[in-house]
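Examining the three-dimensional arrangement
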Amino acid sequence: MNKVLVIGACGQLGTELTLKLRDLFGVDNVIASDLRDPAELIADGPYERLDVMDKESLDLIIDQYQITEIYHLAAILSAKGEQAPKMAWDLNMNSLLNVLEAGRKGVKKIYWPSSIAVFGPDTPSNQTPQHTVMNPNTVYGISKLAGERWCEYYHQKYGVDVRSLRYPGLIGYKAQPGGGTTDYAVDIFWKAIMDGSYECFLRADAKLPMMYMDDAVKATVELMQADADKVTVRSSYNVSAMSFSPEMIYEAICKRYPDFKITYTPDFRQEIADSWPNSIDDSQARKDWGWQHDFDLDQLVGTMLDNLEAILV
Ligand code: NAD
Ligand code: AKB
């Protein structure tokens, strides 16, 4: 029986992944953990307050629950990372090393997410390949690229079964995003319903790879359940679903909210967006373990509006 520990479980991804893992493995077999109080949606199952930087406490929880699988999601994202570079590096790197060490000592499987932020201004920006020039220029991207190298190292040197995806911007309605450059694509829905107008911090034409949360959770579970011999990439897999700009998502929302207004006031996050790809080639993931996305832009917009209207209106 799997005993799963989710670290960073109260975040945007962690909330939804914890719910899915509890469906799969049973509520009592998925221990959620985070620095903060449990998020309401995951409060009905086992929960530990954990600072993943505290290796002793992490090891105690692993022993106490006989953990076999860890999903390590805690991180400082791109925009917040530029405001506190040293802190972002410390958290993003040292927490991963604590978790990889737990893998070396016996935790059977580890999941750790990377990001399209591993790419930089020298990377080919259309259909960015799995293996290409990287050179990220944000501290978040640098930490994710270094993390990918550590994952591959621990797999090759110590046989740790660590798996990873390079997520694009993730969009969901169950939790608020936490300091990323792609967060506008979540905020815009709340503003369309609540205020009727939105001031966007990226340019109208800033096209970025994006994914609906259900697809991100599906990709994560499928990668973790794939036979080990199918997982040929031990740094991190490109995964992709759609690409759009602020103008494109605005127009899709206007189909239901024709009076919705948008203005553009690009800030420091535009420079980050400029350094990331427009679109991603994820053929390796599709070939190795059968990745297929379900949601395109119109389905994403319809689902986000339906669910947020049910909560907010
Ligand atoms: P988030 O900021 O919403 O959640 C991160 C969680 O980690 C928060 O609940 C926070 O309280 C917790 N945390 C922070 N420091 C901690 C610590 N020291 N110990 C324990 N918990 C701590 O982030 P997210 O959007 O859910 O992202 C999860 C992971 O997915 C991150 O590694 C991120 O880099 C990656 N990712 C996310 C996106 C996206 O669009 N959301 C895209 C690419 C990659
Ligand atoms: C961010 O914008 O920082 C994240 C990411 C793409 O990693 N959403």
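Thresholds applied
- Residues numbered from 1 in each chain as written.
- Chains lettered and ligands numbered in written order.
- Predicted model: local features only at pLDDT ≥ 70, side-chain atom pairs only at ≥ 80, totals over all residues.
- UniProt positions renumbered as here; feature names shortened; annotations may be inferred.
- Near = placed C-beta within 6 Å.
- Nonpolar A, V, L, I, M, F, W, Y, C, P; charged D, E, K, R; others polar.
- Axes fitted to C-alpha atoms, helices over the stretch in contact; angles between N-to-C directions.
- Helix = DSSP H or I, 4+ residues; strand = E, 2+ residues; numbered from the N terminus.
- Parallel < 35°, antiparallel > 145°, perpendicular 65-115°, else oblique.
- Left-handed = near helix turned anticlockwise from the far one by under 90°.
- Contact = placed C-beta atoms within 7 Å.
- Buried ≥ 20, exposed ≤ 12 C-beta atoms within 10 Å, placed from the backbone.

Going by the annotation in an unreviewed UniProt entry, the name recorded for the protein is Nucleoside-diphosphate-sugar epimerase, with Marinoscillum furvescens DSM 4134 given as the source organism. Its UniProt record gives the protein the following Sequence similarities (unreviewed entry) comment, quoted word for word: "Belongs to the NAD(P)-dependent epimerase/dehydratase family."

Considerations on the site of ligand 2
As a matter of local geometry, ligand 2 sits amid Leu-77, Ser-78, Ser-115, Ile-116, Ala-117, Tyr-140, Gly-169, Gly-180, Thr-181 and Thr-182. Residue classes in the shell around ligand 2 are distributed as four nonpolar, six polar and no charged.

Points about the packing of helix H4 (residues 85–104) against helix H5 (residues 139–158)
Axis separation between H4 and H5 bottoms out at 10 Å; the angle between their running directions is 15°. The angle between the axes of H4 and H5 places the two elements in the roughly parallel class. Note on packing geometry: the crossing formed by H4 with H5 is right-handed. Contact with H4, carried on its side by Pro-85, Ala-88, Trp-89, Asn-92, Met-93, Leu-96, Leu-97, Leu-100, Gly-103 and Arg-104, involves Val-139, Tyr-140, Ser-143, Ala-146, Gly-147, Trp-150, Tyr-154 and Tyr-158 of H5 and no other residues of that element.

Focus: the site of ligand 1
Every one of the 28 residues lining ligand 1 counts as a neighbour, but Gly-8, Gly-11, Ala-74, Ala-75 and Gly-178 are closest to it. Every element with two or more residues in the shell around ligand 1 is listed here: helix H1 (12–25) and strand S9 (169–171). Of the residues forming the shell around ligand 1, the biggest block, three residues, is contributed by H1. Residue composition of the shell around ligand 1, grouped by class: 16 nonpolar, nine polar and three charged.

Here's the deal with the environment of Ile-67
Structurally, the position occupied by Ile-67 is in the loop between helix H2 (55–65) and strand S4 (69–72). A residue is classified by how many C-beta atoms lie within 10 Å of it, and Ile-67, with 20 of them, is buried. With 65 residues separating them along the chain, Ile-67 and Asn-2 place their C-alpha atoms 7.6 Å apart. Each residue touching Ile-67, except ones within four places of it in the same chain, is listed here: Lys-3, Leu-5, Ile-62 and Val-107.

A few points about unusual backbone geometry
For Gln-127, which is not a glycine, the phi torsion comes out positive at approximately 50°. Of note, Gln-127 is situated in the loop between strand S6 (114–115) and H5. Among the residues examined, Gln-127 registers 15 C-beta atoms within 10 Å and is labelled partly exposed. One non-glycine residue, Asn-135, lies in the positive phi region at around 45°. Counting through the fold element by element, Asn-135 comes out in the loop between S6 and H5.

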